[in-house]
Amino acid sequence: MSWPNVRLIFLREMRDQLRDRRTLFMIAVLPILFYPLLGVSFFQIAQFLKKHESRVLIVGEESVKEIPGLFEGETFSSNLTEQVVRVKFRELESLPFFRKYRDEFVSPDGPRPDVLTEFKNQLLMVMEEEDCHAVLYYPPGVAQKFTNYAVELAERRDAGQSAPPLPEPKIVSPMRTDAESMTAGLLKHVVKKHDRATKDSAAEQRELDELVREADPIVYRGEGSERRINTSLWSKILPFVLMIWAVTGAFYPAVDLCAGEKERGTLETLLSSPARRSEIVMGKLFTVMMFSIATAMLNLTVMFGTGAIVLSQIEDLAKVANVGPPPLAAFAWSLLLIVPVSVLVSAVCLALAALAKSTKEGQHYLAPVMLVALPLTLLPMAPQVELNFAFSLVPISGIVLVMRSLLEGTFFELWPYAIIVAVVTFFCCWWSIRWAVEQFNSESVLFREGERWTLGTWLRHLARDRQDTPSAAQALLCGLVILIVSFFLSVFLAKSFEELLARGTFADLFKSAFISIVVGVALPALLFSIMLTRSPRRTLQLGPPTKLLTIPVAALLALAAIPLSRLLLEGLQVVLPMTEATAQLEQLAKLFDSAPNVLAALGVIALMPAVFEELAFRGFILSGFRHTGHKWRAIALSSIFFALAHSIVYQEINALLLGLILGYLAIQTGSIWPCMTFHFVFNASQYLLFTNQLPLRHYVEEVRGEPALYVPILLASVALGALLFFYLQRLPYRRTREEDLVEAIQRENAHQLA
Amino acid sequence: MIHVRDLTKYYTDLERGRIVALDGVSFHAMEGQIFGLLGPNGAGKTTALRILSTVLQPTSGTATVNGYDVVTQAEQVRHQIGFVSANTAVYDRMTAWEMVEYFGRLFGIGDEELRARMESIFDRFQMNEFRDRLGAKMSTGMKQKVSIARAIVHDPPVVILDEATVGLDVLVARTMIDAVAELRDHGKSIIYSTHIMREAEKLCDRVAIIHHGRVFAHGTVDELRDKYHQHDLEDIFFDLISSQPPVEIQDASAV
């Protein structure tokens, strides 16, 4: 790649975008105006709320006025609220309804429920008369309790009892209008604050701090915990905002730079220039990244600034909602995270935008990007989700979790996962960039004409234009169908699977295995082969291998793989301890004890997977992916699907690695038979070894009291495996047209470099 | 200079299935000559020229430009050619001068040399009056001049012009044609596709008549006149095309 060219393209694209008013408005002007405007309107609303007078009717005994720290003249004490509140008093005795049922009201049990309900209606009527928004009702005797709280607390302590609860005044409000609801909310806040003040002062007076804390730990949160809540709140909001703007900032330039250029006809101009496709993509990618980073940074900064100013101005109101100004650390870490997030998002947006043939079509792709990106940002907000091995593998979510652990101060315990997150993020970035470059190499993407699409023509096209082997897209579809069908089958089988593990018979096991492997895996692949390809035989690689010797070679390779696979499993159980998965594996193994004979067991555990899984994964799916032009990519993709089709985590990782060997076998030998041989021998000998039906324990572990053979056998297996790979690697294999082309171009490039 | 052998290109179309855009096309163009590719709309001219400019890849067959293969040595090929077609537009948000300069730099021309060359091109095509005008505000003729300037700024030995005069008024088209003739006189090899026979008669040293993705006749204009006993190229063209049976070249089963 020529970096001067990348730089040249980057500078041109930047200038081009900066000359575009729409992009600039969307990306720079909007956020600069938006947050301050939002802040100003917030501020205005808050002002209005403050100026707006809330009128509260206090109903209670005369002594209510004397409750310490509650009132200052005709309003609440200024410690409790800064809002403008006018307070009116109404004595209980002045209400005829109260006088009528006074006995019930003053009894220790209080009034009957129907009387209380009627009383509340009466209160609301009085509230209307007095033109108020809410009623704060102090039942008889409550005022006294407040006044005497400190004394009572001391007595209780002396008697060795816990702190007494504070009496609760009742808030009565019809909540029909905003003013009424707001006044009710305000009253809640005031009551809570007054409670706390009463306890504080009682504790101060009587030095009963301990007792009070014990009595009401929730109200008595320390200052530190509030800060923590605020930090955790912002550490959820900031990544969300960051994501939205990183995507928005990347998306519009990406669409303009790809779909827009196609539409305006300048893309072909650029493609016929000496700039390579990879240089064009990198130049554009840097531009998109620049905008993504700048937009996200600008938004975060302006939002942070506005948030800090506005929230400190309306502190009083913000406290009601438990929001404080964003902590500086959260902001600083978000700024750091912008870069990896933006790179990832930019590359994905660029590749997608390259797919679109017009700006209009490109804009339709924004929703799917958001639909994928936002759940990944929101996932870490779910309770119980924290940085661990599994979540650090999820792109984007991992980054957000790292940020959260940094803010919550748990990073130093969890830093090893940060390395995994970095690796995953790096891989995703690399892969998205590769994908974008490929989009620019694909004629069908670059020169897509607008076609009229109808279901009929499309189906006819599928039938009429099918090729000998499936396309990569069809392989992908087949893989997804297998996963989806398997998922629903597993839901359907799950109950019986658990039952099966608990007390199933061998016949049940056979049935369950048959349904999941034959119906779930093989059937979709076979149907796809028949319907979508001209030559199912070539697709499924049913022909004999180029050399028959490769069949025994595959069997030997399987034998060599067993000690290594066992070592891997044991290592995994140490690194990734999962009791459930281990237990499931063991239960499953036990089930085979009920097999009528060895052959039946081998049929289920070895023959069935060997035949049917190979047809799907090394047959249809691998054949399709080979049209991407890269042998190892096809192998890796088919093996990912192979792994995902397994249900227990250890099996998945094992399958991923075996899938690589099987895929390689399939391509080098040009046939499915060596793969089936490998798969059969591998599964069969695993079974025979672990049920002790073969006296070969040395093969997988050190046997106590016998000569130490395990390590030599392990080393010998590695050597044998290497030798067999060397043999396979020298076999001539049949390449697809795409693979030929890629190789020719690579040869030419290498030749030039030389 | 340019050797095209047995070039075939298939597309897959949703409605019609496999479409043969080029069906074994071969032709050769020499240095210092203008080679005309004549054919009606949809004959396959643009596909052939896109393959030569490495923007598309052939399904089969080979093409070399100045000895470089268009598939495996695409990058070198792009250094050898200047490509102008109806689809190679100019950037809206770039001035004429910036546009030509940008491509000059992509070709790796040094600052001083680039400046000198650009001045001479801007003078020759009388582009100085709009050198600082943005692409969006240029007339069709101005844009076409910028395109040509962009295509020859690196002084390529081969210039490929695909329907370069479409949409131009008589005056601008005339300037274009003169410019093309001048390029030939500078020893360039030029491939010129058009469906306007007058232009071909006036300009081209050799022509190939292409229809339905196949070459029906090729040679100098005089050779064609002798062979088909007609004086007017347009008549020859019309007779040739209408004498062909109306074959629909779309054979889904053939690879």
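About the criteria used
- Residues numbered from 1 in each chain as written.
- Chains lettered and ligands numbered in written order.
- Predicted model: local features only at pLDDT ≥ 70, side-chain atom pairs only at ≥ 80, totals over all residues.
- Heavy atoms only, no water.
- Contact = heavy atoms within 4.5 Å.
- Buried area = accessible area lost by both parts, 1.4 Å probe.
- Salt bridge = Lys/Arg side-chain N within 4 Å of Asp/Glu carboxyl O.
- Polar contact = N/O pair within 3.5 Å; in protein donor to acceptor, adjacent residues only side chain to side chain.
- Helix = DSSP H or I, 4+ residues; strand = E, 2+ residues; numbered from the N terminus.
- Nonpolar A, V, L, I, M, F, W, Y, C, P; charged D, E, K, R; others polar.
- Pairing = 2+ DSSP bridges.
- Axes fitted to C-alpha atoms, helices over the stretch in contact; angles between N-to-C directions.
- Expected span 1.5 Å × (residues − 1).
- Buried < 20%, exposed > 50% of the residue type's maximum accessible area, 1.4 Å probe, protein only.
- Arc of directions from axis to C-beta.

Where the parts come together, the accessible area they lose is often given as the size of the interface. Contacts between the two partners involve 43 residues from chain B, matched on the other side by 42 residues from chain A. Area buried by chain B at its contact with chain A is led by B:Leu14, B:Tyr91 and B:Arg93, which between them contribute 23% of it. Along the contact surface separating chain B from chain A lie seven salt bridges. A:Asp20 serves as the salt-bridge partner of B:Arg93, at 3.8 Å between the closest nitrogen and oxygen. The interface formed by chain B and chain A includes 12 residue pairs in polar contact (both at pLDDT 80 or more). Among the elements of the structure, strand 1 (2-13), strand 2 (17-29), helix 2 (74-80) and helix 3 (96-106) of chain B are those that each provide at least two residues to the side of chain B that touches chain A. Element by element, the count of residues in the side of chain B that touches chain A is highest for helix 3 of chain B, at six residues. Here the residues of the side of chain B that touches chain A sort into 16 nonpolar, 14 polar and 13 charged.

Quick look at the sheet that holds strand 8 (residues 189-194) of chain B now. Residues and elements named next belong to chain B. Overall, mixed pairing links the six strands, which are arranged 6-7-8-3-9-10 in an open sheet. Of all strands in the sheet, those bounded by a partner on one side alone are strand 6 (81-84) and strand 10 (214-220). Ignoring strand direction, the axes of neighbouring strands in this sheet form an average angle of 15°. Sheet topology places strand 3 (residues 34-38) next to strand 9 (residues 206-211); four bridges connect them, and they run parallel. Note that in strand 9 the partner of Gly 36 across the bridge is Val 207. Helix 6 (residues 170-185) rests against strand 3, strand 7 (158-162) and strand 8 of the sheet, and its axis sits at about 150° to strand 8.

Moving on, we come to helix 15 (residues 366-378) of chain A. Residues and elements named next belong to chain A. Taking 1.5 Å per residue as the helical rise, helix 15 with its 13 residues ought to reach 18 Å, and the 18 Å between its terminal C-alpha atoms agrees with that figure. For helix 15, the full list of buried residues reads Leu 366, Val 369, Met 370, Ala 373, Leu 374 and Thr 377. Down the axis of helix 15, the smallest arc covering the buried residues is 115°, so these residues share one side. The exposed set on the far side of helix 15, more than 90 degrees from its buried face, consists of Leu 371 and Val 372.

Remember that the coordinates give geometry; whether it matters functionally is a separate question.
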